[in-house]
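Per-entry structural report
Residues per chain are reported as follows:
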Amino acid sequence: MNAIEVQHLTKTFGKTTALGDISFSVAQGEIFGTIGPDGAGKSTLIRSLATLALPDSGTIQMLGMDLLKDYKTIRTKIGYMPEIFSLYQDLTVEENLEFYASLFDISIADNYQIIEPVFRQLEPFRKRRAGKLSGGMKQKLALSCALIHNPQILLLDEPTRGVDPVSRKEFWNILGDIKKQGITIVFSTSYMDEVSICDKIGLFNKGKFLCIGAPAEIADEFADPIYLIKSAQLYKVLLKARQWEGTRQCYMFGDSIHIVFKDGSYSPEALKTFLAEFADAEVSAVEANIEDCFMNLLNSERHG
Ligand code: ADP
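What comes next is a walk through the structure. Note that the structure is a prediction, hence the values are computed from the model and not measured. (Residues numbered from 1 in each chain as written. Predicted model: local features only at pLDDT ≥ 70, side-chain atom pairs only at ≥ 80, totals over all residues. Heavy atoms only, no water.)

**Comments concerning the packing of aromatic side chains**
The cut-off we apply is this: Here a pair means two rings of Phe, Tyr or Trp (six-membered ring of Trp) with centres within 6.5 Å. Their orientation is stacked below 30 degrees between planes, edge-to-face above 60, and tilted elsewhere. Secondary structure is summarised from DSSP: a helix means a run of H or I of at least four residues, a strand means a run of E of at least two, and numbering begins at the N terminus for each. Think of it in three bands: with a 1.4 Å probe and only protein chains considered, a residue is buried below 20% of the maximum accessible area for its type, exposed above 50%, and partly exposed in between. The criterion is that NZ of a Lys, or CZ of an Arg, lies within 6 Å of the ring centre and within 35 degrees of the ring normal, and then a charge sits over that ring.
Enumeration according to the criterion identifies 11 aromatic pairs in this entry. Here the aromatic rings of Phe32 and Phe209 are separated by 6.1 Å at their centres, their planes lie at 75°, and the arrangement is edge-to-face. Of this pair, Phe32 sits in strand E3 (residues 31-35) while Phe209 is found in strand E10 (residues 208-213), placing the two residues 177 residues apart along the sequence. For the pair shown, Phe32 and Phe209 are each scored as buried. When the centroid spacing of 5.2 Å and the interplanar angle of 75° are considered together, the rings of Trp244 and Phe261 count as edge-to-face. Placement of Trp244 in the loop between helix H8 (234-242) and strand E12 (247-253) and of Phe261 in strand E13 (residues 256-261) is noted, with a sequence separation of 17 residues between them. Each member of the pair, Trp244 as well as Phe261, carries the same accessibility label: buried. Three or more aromatic residues link up through ring pairs in this structure, and these residues are Tyr227, Trp244, Phe261, Tyr266 and Phe274. Over the ring of Tyr191 we find Arg168; its NZ or CZ atom is 4.1 Å from the centre of that ring. Between the NZ or CZ atom of Lys240 and the centre of the ring of Phe274, over which it lies, the distance is 4.7 Å.

**Some thoughts on the site of the ligand**
Heads up, the rule is: Summary of the distance rule: residues count as near a molecule or strand when at least one heavy atom falls within 4 Å of that molecule or strand. In protein, a polar contact requires one atom able to donate a hydrogen and another able to accept it; more generally it is a pair of N or O atoms within 3.5 Å, and residues adjacent in sequence count only if both atoms are side-chain atoms. Accessibility throughout is a Shrake-Rupley quantity obtained with a 1.4 Å probe, and a residue counts as covered only by protein chains that appear here. Residues are grouped as follows: Ala, Val, Leu, Ile, Met, Phe, Trp, Tyr, Cys and Pro are nonpolar; Asp, Glu, Lys and Arg are charged; all remaining types, including Gly, are polar.
In the region of the ligand, the neighbouring residues are Phe13, Thr16, Ala18, Pro37, Asp38, Gly39, Ala40, Gly41, Lys42, Ser43 and Thr44. One of the backbone N or O atoms of Gly39 is found 2.7 Å from an oxygen atom in the ligand. A distance of 3.1 Å separates an oxygen atom of the ligand from a polar atom in the backbone of Ala40. For the ligand, the accessible surface in isolation is 560 Å², of which the surrounding protein chains cover 57%. Per-element tally for the shell around the ligand: the top contributor is helix H1 (residues 42-49), with three residues. In terms of residue class, the shell around the ligand is made up of four nonpolar, five polar and two charged.

**A closer look at the sheet that holds E3**
What counts is decided by this rule: Pairing between two strands is assigned when DSSP locates at least 2 bridges connecting them. Between N-to-C directions, angles span 0 to 180 degrees; the directions come from axes that are lines fitted to C-alpha atoms, helices contributing only their stretch in contact. Contact definition: two residues touch when any of their heavy atoms are within 4.5 Å.
Overall, mixed pairing links the six strands, which are arranged E6-E7-E8-E3-E9-E10 in an open sheet. The open sheet has two edge strands with one neighbour each: strand E6 (78-81) and E10. Each strand of the sheet is rotated relative to its neighbour by a mean of 15°, with strand direction disregarded. Two elements, E3 and strand E9 (residues 200-205), share four bridges in a ladder whose sense is parallel. The partner of Ile35 across the bridge, within E9, is Leu203. On top of the sheet, H1 reaches E3, E6, strand E7 (153-156), strand E8 (184-189), E9 and E10; it is set at about 155° to E8, its chief contact.

Any link to function would need more than the numbers given here.
Next up, the structure:
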């Protein structure tokens, strides 16, 4: 049995289609990442799974139960961490945790071993007010609060947004530890590099999944060769390369440019000749990664 099974889920707000007939499943114990830009519909999806946004149509099964019929039971078996961490800023670390535990009629001690991998670093700050914690610490406290009742499914809405890079990496390790306890994790993000911690990802845009699969499978499906261009005049080179007849797609990629050719009849040498006015421009082959796949899928959506 899958932990989560979503069929034809649709949710609109007035004229905005936040979720447009989406179907997917998440296996028990899997980490599933929903990756997409702002406004794509990620929060609405996570909120729907958390029983907080009512679908217009479609079905959601969580742990074999129907979300609409069994939402009360489901709520005891899921942990939800909203995008804006739902902490009481005036309460201490310990008081926040006690509050969330009390909602489920348990004490912190009952389930301490569940939150221990996350809470370990917060121990010295037990008496500090939540409002006085750093972003990374707030994130860990919010996660501890979402976990304290020992949920079977953890739903995290952009848990690493606005968190510093070091805390972000720590957070990935923590999710790995939580997964080892058999908890199914669904999270949303706009950071492409977070695919590395996922068993399965869904690239999400405008209320729809453009593709779903294991990160390596998705990257392998990208059949066209990709080339990388380096130059000191990156932006000028980008504009020029976009004018080349062999260019299907060309975009900035960190401190370089990635270019996809229309077909195999175009060569890197021909591109280099076209860019001859930029003496330092170097063209070399690279492996496609998830960001390239996303750009490619967005491009095919635009051009049909
Ligand atoms: P994301 O989390 O990917 O940024 P959201 O799920 O927050 O995306 O939003 C998807 C779309 O739905 C956006 O266009 C947003 O403005 C709209 N939307 C989300 N929640 C509401 C709401 N409560 N009322 C009206 N529009 C909403």
